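Residue-level structural notes
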Amino acid sequence: MSQTKAVNTEKWQGLDGAHHLHPFTNPKELKQQAARIIESANGVYLTDSDGNDYLDMMAGLWCVNMGYGQKDIIAAASAQIEQLPYYNAFFKTSHPPAAELSGLLAEVTPAHMNHTFFTSSGSEANDTVIRMAWRYWDVLGKPEKRVIISRKNAYHGSTIAASSLGGMEDMHKQGGIIPDIVHVEQPHWFAKRCELGHDLDANEFGREVAQSIADKIEELGVDKVAAFIAEPIQGAGGVIVPPETYWPEVKKICDHYGILLVADEVICGFGRTGHWFGTDLYDLKPDLMPIAKGLSSGYLPIGGVMVADRVADVLINQGGEFNHGFTYSGHPVCAAAAVANIKLMQKENIVQKVHDETAPYLQKRLRELGEHALVGQVRGVGMLGALELVKDKENFIKFDKDDNVGTICRTHSFDNHLIMRAVGDAMIISPPLVLEKSEIDLFIERAWKSLDLTQKDIK
Ligand SMILES: *Cc1c(COP(=O)(O)O)cnc(C)c1O
């Protein structure tokens, strides 16, 4: 480490520690340790202010799908900020980037979705989902259909409405939840298996958990229920891939009761699962589809809600004015970055490449880590993965919370120049889609080493 680098690191850490309140962080703990300062990035690697490189197996925060340093996206955003840095889409105006992006989205999303409502984030997209679902039923003369059924441990964002929609207890404890949102069980087979302490048939479990949605609808009365919302694969909850029986059953239930199905594609969208959208993988044909993160590969903040034709028809032809929108809905520079990102994905045929080559290789090698004594389960689809660390893999016994095994492993990963995230005791990955096979090999090597060091620490 050079002298100037060390001095700079201290400067940034000092300012940051003195003035920056970080998201989802214990500020007192951070003050004692100082933040790692990330200064630059290229491809799938980050560089910190001391000059250390890290293989970023989280693509930032699940978002930098096309990797860092993509010239096409940078050039498009730069050109747009000169041409028209801002204008709104209120008052019957629009601009080329928003128009072009809505057209491109109609092309890459499922065939029955042809309209986008733009937001600046996934949280705002989910706030929009709630307002839109309520609006839809109101226009149809059923304003009492208000309840949205979600799932425990779901993540839908951090505004009051989005965190209510989510199923994170620690978030609900700080401020409660808004009315008309209820939570049912998540399809987390491994957690349930550990909890039960005896065998549990995954497919039967999948059907049972799906059935709990129908039970909830019956309990509340279908005339009170507006929608069911879920991520195709739960991300922030710990990369939870549902049993095969789950989604077909859920789809049947939503169809049977005629409630709206909302697929939160903020993580699963834009190639993450080896398909353009998670709903393509499970053939869900949702009514509303919040998107964000991979939409611009995280280069600029932009999100939106994709609206199915049957909902759009009601809102457009019967609804009148929808009193909702944001100053930055469809922001021209963010939209230009998203357009360039999607065109780049198309040009590189990245979704097909992930589907045919990268994801199968990543999933195969990821499962090799399942041989490690600490790893009780390997989960994953496409470019999503999780390693569940356990105390006793033969008997499905988890660590105690105080063992902090996830945090220990995350620290070793960082020290081994690898970024994995810990969700409880699950080490999770969501790397850039542009990851090469040689980088997957490097990941496996560093992950194995991190697991070894973690095991040593807890013995
Ligand atoms: C990240 C995330 C959100 C929230 O998006 P923000 O841009 O952070 O507001 C919503 N839903 C899911 C599934 C997410 O992963």
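The model shown is predicted, which means the values in this text are computed figures rather than measured ones.

About the cut-offs
Residues numbered from 1 in each chain as written. Predicted model: local features only at pLDDT ≥ 70, side-chain atom pairs only at ≥ 80, totals over all residues. Heavy atoms only, no water. Pairing = 2+ DSSP bridges. Helix = DSSP H or I, 4+ residues; strand = E, 2+ residues; numbered from the N terminus. Axes fitted to C-alpha atoms, helices over the stretch in contact; angles between N-to-C directions. Contact = heavy atoms within 4.5 Å. Salt bridge = Lys/Arg side-chain N within 4 Å of Asp/Glu carboxyl O. Buried < 20%, exposed > 50% of the residue type's maximum accessible area, 1.4 Å probe, protein only. Near = heavy atom within 4 Å. Polar contact = N/O pair within 3.5 Å; in protein donor to acceptor, adjacent residues only side chain to side chain. Areas by Shrake-Rupley, 256 points an atom, 1.4 Å probe, with all protein chains shown as cover. Nonpolar A, V, L, I, M, F, W, Y, C, P; charged D, E, K, R; others polar. Expected span 1.5 Å × (residues − 1). Bend = angle between axes of the 7 residues up to and from the residue. Domains from an automatic or database assignment. Buried area = accessible area lost by both parts, 1.4 Å probe.

Looking now at the sheet that holds strand β12 (residues 384-389). The strand order β11-β12-β15-β14 describes an open sheet built from 4 strands, whose pairing is antiparallel. The sheet terminates laterally at β11 (375-381) and β14 (421-423), the two strands that pair on one side only. Strand after strand, the sheet turns through a mean of 25° between neighbouring axes, direction not considered. The pairing of β12 with strand β15 (residues 426-429) spans 4 bridges and is classified as antiparallel. Each bridged residue has a counterpart across the sheet, and for Glu 388 the counterpart in β15 is Ala 426. Contacting β11, β12 and β15, helix α15 (residues 350-368) runs over the sheet at an angle of about 175° to β11.

A side chain with one charge may pair with a side chain of the opposite charge, provided their charged atoms come close. Taken as a whole and judged by the stated rule, the model has 20 salt bridges. With a shortest N-O distance of 3.7 Å, Lys 192 and Glu 185 are connected by a salt bridge. With a relative accessible area of 21%, Lys 192 lands in the partly exposed category. With a closest N to O distance of 3.4 Å, Asp 255 and Lys 251 form a salt bridge.

Let's shift gears to unusual backbone geometry. Positive phi, normally seen in glycine, also occurs at Ala 59, with a value near 45°. Along the chain, Ala 59 turns up in helix α3 (residues 59-62). In this structure, Trp 62 takes a positive phi of about 65° despite not being glycine. One can find Trp 62 in helix α3.

Attention shifts here to the site of the ligand. The environment of the ligand is made up of Ser 121, Gly 122, Ser 123, Asn 126, Tyr 155, His 156, Gly 157, Glu 231, Asp 264, Val 266, Ile 267 and Lys 293. In the environment of the ligand, an oxygen atom lies 2.5 Å from a nitrogen or oxygen atom belonging to the side chain of Ser 123. The separation between a nitrogen atom of the ligand and a polar main-chain atom of Tyr 155 is 3.4 Å. In the complex, 84% of the free accessible area of the ligand, which totals 380 Å², lies under the protein chains. Looking at the shell around the ligand residue by residue, the class counts come to 3 nonpolar, 6 polar and 3 charged.

We now examine α15. Spanning 19 residues, α15 covers 25 Å between terminal C-alpha atoms, matching the ideal 27 Å at 1.5 Å per step. Of all the bends in α15, the greatest reaches close to 40° and is centred on Thr 358; the proline Pro 360 follows between one and four positions later. Along α15, the residues classified as buried are Ile 350, Val 351, Val 354, Thr 358, Ala 359, Tyr 361, Leu 362, Gln 363, Arg 365 and Leu 366. Residues of α15 that are buried sit in contact with α14 (332-347), β11, β12, β15 and α17 (437-458).

Entries for the protein chain in the domain assignment read domain 1 (36-69 + 349-458) and domain 2 (71-347). In this structure, domain 1 and domain 2 have C-alpha centres spaced 26 Å apart. Taken together, the contact pairs 36 residues of domain 1 with 35 residues of domain 2. Summed over both sides, the interface of domain 1 with domain 2 buries roughly 2900 Å², with 65% coming from carbon and sulfur. Of all residues in domain 1, Trp 62, Val 351 and Phe 396 bury the most surface against domain 2, accounting for 23% of the area lost on that side. Summed over the shared surface of domain 1 and domain 2, the number is 0 salt bridges. At the junction of domain 1 and domain 2, the tally comes to 15 residue pairs in polar contact (both at pLDDT 80 or more). When contributions to the side of domain 1 that touches domain 2 are tallied by element, the ones reaching two or more residues are α3, α15, β11, β12, β14 and β15.

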